[in-house]
Every structure is written in C-alpha cells, then in structure tokens.
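Architecture at a glance
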Amino acid sequence: MKIIGIDCAAQHKNIGLVKAELTTDKLNIIEAKIGLKDVYPVLTSWLSKGPYLLCMDAPLGWPQPMRSTLGKHMAGDALHDDGNTFFRRETDRYIKYMFNKNPLDVGADRIARVALTALNIIGSLRKTGIALPLLWSQQGSTTSGIIEVYPAATIISHGLNGTGYKGNKPENTNARRKLFDSLSSNTKFSVSPNFLIENEDAFDAYVCVLAGVDFIKDKCCPPQSLETAYQEGWIWVKSP
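Residues numbered from 1 in each chain as written. Predicted model: local features only at pLDDT ≥ 70, side-chain atom pairs only at ≥ 80, totals over all residues. Heavy atoms only, no water.

A few words now on the layout of surface pockets. For the largest pocket, the calculated volume is near 610 Å³. In terms of lining, the largest pocket is formed by 28 residues, of which the most central are Asp57, Leu104, Ile111, Tyr150 and Lys166. Of all the secondary-structure elements, those providing two or more residues to the lining of the largest pocket are helix 5 (111–127), helix 6 (151–157) and helix 9 (200–216). With three residues, the top contributor of residues to the lining of the largest pocket is helix 9. (1 Å grid on protein atoms, 1.4 Å probe; cavity = no way out; pocket = protein on both sides within 12 Å on 5 of 7 lines; lining within 4 Å. Points joined across faces, edges and corners; volume = space filled by probe spheres on them. Helix = DSSP H or I, 4+ residues; strand = E, 2+ residues; numbered from the N terminus.)

Below, the structure written as structure tokens:
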C-alpha cells in the first residue's frame, strides 16, 4: 500500500511530501519533496494507482461548539463558552490528556490557514476523480483515504522525546538525527536519509508516514464519539 505523508503549510512552498510503500515485512521510503510551487502535479501522479493512504498534518475540522455558535452569532453578542472548549476539538483534548502535548487550536491560531490549505488540496484532488474519503476505522491495507495525523504526538507515542527537533539550527538537526535513528528500524530508504533529517518539513512528512503505518497496523486509538469526529476530525496516533 502507498502511504503519503503531507506536512501541511499555508503556502505550497513550505509543504513537505514523502511517498512510501508498505509491504508485509518492510516500509520503503520512495520519494521526498519540499519547496514546490504547486503540490498538485506530484500528488496527482503519486495517487494515480491505489490503494493509498494520505496522512495529513493539519486539522481537518473545527470544534463543534464554535461551528454551532458562530453560525448564529451577531457582532457584540456574548459567547457563553470557555476558550478550551470553544477553540479546541475533542481530539485535541485527547492528545493533551494522553501525551501532555497541546495541538495548536484550529479556532484560535494561525494553524487555521494551514487547515484551509489542506482542505483545498483535498477538494482539488477529489475534483480530478481521486477517491479520498476520510477513514474512521483501521481497515488494513485495502481501503484508500485520508487520516489526520500529528507528528509531535506520534514521536511521543513511540517513546521518544519530541522537543527541540523543529527548526534549522544545528541542535535541531541533531535532534532530528537522533529521532530518525530510533524511528527508522526495518525501513528501506530509496531517498537520502540526510535529506529527511536536514529538512524539518521533509522530516515531519516522514513521521506522518510512520503514523500511517501505525494506523494500518491497528495501533491507534479510535474516537469515542464518531458523531463528533465526523464534524471535528480526529488525530490518529499510536496508543501509548
């Protein structure tokens, strides 16, 4: 099965892409791209033949209280809710509880622009006839679709310290190299490992792929409420 990790960003040039193939005994990292002016041609070619799993590092929904309240809100009206409930999704609260890591609030942070770009990418790919449903159960390697992932939580779920690996300073690169050494067992690389390590967007896209492997192998915790997840989205991460 193809697994495509997408480290989403507001602008295409900052999006990291990694294409992999999972067989019964090994994960093969086939291609990695960063700095593209337009990610659609690459993604379209990668998705020309399935099955495939897109693992997107971006929120794919908004908090239900925000959705239901703002639709009828008028300027100046009070909002009878607290910030944690209003701006955070159920899946965000789950990640905080399980891994002591807060995803950015899609309702309050600039991550909303990343979410907008991610959803537009999905919409544009669907217009070409590519089947891209969101997946809500870990169905092995036969069903194509999309899952939302969060690399920082995936790193923690594998028993590693995910602090300090983001950035372009030498210490950030060294942190990524240590993480890479711990995460890359039983993996074949048709791309340069140094490319993944030296570029934080490519590295996060690689970790998105690993989250996809966890999903396919039924290692992730599903949402308690599918009804809420259908509205807000759900971050698929390996159970601790």
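There is more to say, and it comes next.
Of note, Ser184 is situated in the loop between helix 7 (170–183) and strand 6 (187–189). In contact with Ser184, not counting residues within four places along its chain, are Phe189 and Tyr206. (Contact = heavy atoms within 4.5 Å.)

Now for the pairing of strand 1 (residues 2–7). Counting buried residues along strand 1, six of its six residues qualify, which places the element largely inside the surrounding structure. Neither face of strand 1 is open: one carries Lys2, Ile4 and Ile6, the other Ile3, Gly5 and Asp7, and all of them are buried. As paired elements, strand 1 and strand 4 (residues 52–57) share six bridges and run parallel to each other. Paired with Ile6 across the strands is Met56, a residue of strand 4. (Buried < 20%, exposed > 50% of the residue type's maximum accessible area, 1.4 Å probe, protein only. Pairing = 2+ DSSP bridges.)

Look at Asn186: it is not a glycine, yet its phi comes out positive at around 60 degrees. With respect to the helices and strands, Asn186 occurs in the loop between helix 7 and strand 6. A positive phi is found at Asp218, a non-glycine position, where the angle reads about 60 degrees. If you trace the backbone, Asp218 turns up in the loop between helix 9 and helix 10 (226–232). Judged by relative accessible area, Asp218 falls into the exposed class, the value being 52%.

This part is about the nonpolar core. Ranked by size, the top nonpolar core spans 46 residues in total, and within it Ile29 and Leu196 carry the most contacts. The set of elements that each furnish at least two residues to this core consists of strand 2 (16–22), strand 3 (27–33), strand 4, helix 4 (90–99), helix 6, helix 7, helix 8 (193–198) and helix 9. Residue contributions to this core peak at twelve residues, all from helix 9. Those residues in contact with Leu196, other than ones at most four positions away along the chain, are Val18, Ile29, Ala32, Phe180, Phe189, Val191, Ala202, Phe203 and Tyr206. Within the second largest apolar cluster, 28 residues are counted, among which are Ile6, Leu36, Ala115 and Leu125. (Core = buried A, V, L, I, M, F, W, Y, C linked by side-chain atoms within 4.5 Å.)

One pass over the full model with this rule turns up six salt bridges. For Asp105, the salt bridge identified is with Arg88, shortest N-O distance 3.0 Å. Here the residue Asp105 occupies a position in the loop between helix 4 and helix 5, and Arg88 occupies one in the loop between helix 3 (83–87) and helix 4, the gap between them amounting to 17 residues. In this pair, the class of Asp105 matches that of Arg88, namely buried. In this structure, Glu90 engages Arg93 in a salt bridge whose closest nitrogen and oxygen atoms are separated by 3.1 Å. You can see Glu90 and its partner Arg93 sitting in helix 4, three residues apart, about one turn around the helix. (Salt bridge = Lys/Arg side-chain N within 4 Å of Asp/Glu carboxyl O.)

By themselves these figures say nothing about function.
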